[in-house]
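What follows is each chain in one-letter form.
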Amino acid sequence: MLKKTLAALALGSALLGTGQAMAADYVIDKEGQHAFVNFKISHLGYSWLYGTFRDFDGSFSFDAAKPEASKVKVNLKTASVDSNHAERDKHIRSADFLNVAKYPTATFESTGVKSTGQNTFDITGNLSLNGVTKPVVIATRFIGEGKDPWGGYRAGFEGSTKLKLKDFNIQKDLGPASQEVDLIISVEGVRQ
């Protein structure tokens, strides 16, 4: 029995000594408002219109030693769009844009992660928005990880991508300067 215990301890020490970590599962911290899905789109080519989505949740798995094994899943309530202007938000929710009555949820689920440098990754996945599902790539940067003051453990990332409105069946023509929207994503996850 003692030999088996010593062998198990030796094997465990060897694995830890080689830096082999396991992927950890995280829930996006929506409760503490440490996560954002923001967007910006050109207004007539003269300025930027910014907005955010207030209601979303999701999870991810991450192993810094093996980031290509990471996975991400996010569900977003499209009616939660907020551009700081009630009438504009009402229009964005309409069939001209997000058609929230028919498609109340947008989803993203990763299909692959590729390292692009130190702490940077391209996360490829399927985005379902306005009744259309298309592959997108989110350029992502690992910000950091560690213990929090409440006894938990957190990891944070930021990412961005561009979406062509017509790719997601948004046919409203906003002019030549407003054919794409930039998504800016910042998430902090709490390890489970």
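Naming follows an unreviewed UniProt entry, where the chain appears as UPF0312 protein ACFFGX_12720 of Azorhizophilus paspali. In the Sequence similarities (unreviewed entry) part of its UniProt record, the chain is described as follows: "Belongs to the UPF0312 family. Type 1 subfamily." For the record of the chain, the UniProt heading Subcellular location (unreviewed entry) holds the text "Periplasm".

Turning next to the overall build of the chain. Within the chain one finds 2 helices and 11 strands. Secondary structure elements of the chain occur, N-terminal to C-terminal, as α-β-β-β-β-β-β-α-β-β-β-β-β. The burial tally for the chain puts 37% of its 192 residues in the buried class. Surface summary for the chain: the accessible area is close to 11,700 Å², and the carbon and sulfur share equals 56%.

This brings us to the side chain of Ser80. Following the sequence through the fold, Ser80 ends up in the loop between strand S5 (71–77) and strand S6 (81–82). You can call Ser80 buried: its relative accessible area is 13%. Polar contacts involving the side chain of Ser80 include one to the main-chain carbonyl oxygen of Lys77, which spans 2.7 Å. Contacts of Ser80, omitting those with residues within four sequence positions, involve Thr52, Phe53, Arg54 and Asp55.

Procedures and definitions
- Residues numbered from 1 in each chain as written.
- Predicted model: local features only at pLDDT ≥ 70, side-chain atom pairs only at ≥ 80, totals over all residues.
- Heavy atoms only, no water.
- UniProt positions renumbered as here; feature names shortened; annotations may be inferred.
- Helix = DSSP H or I, 4+ residues; strand = E, 2+ residues; numbered from the N terminus.
- Buried < 20%, exposed > 50% of the residue type's maximum accessible area, 1.4 Å probe, protein only.
- Areas by Shrake-Rupley, 256 points an atom, 1.4 Å probe, with all protein chains shown as cover.
- Polar contact = N/O pair within 3.5 Å; in protein donor to acceptor, adjacent residues only side chain to side chain.
- Contact = heavy atoms within 4.5 Å.

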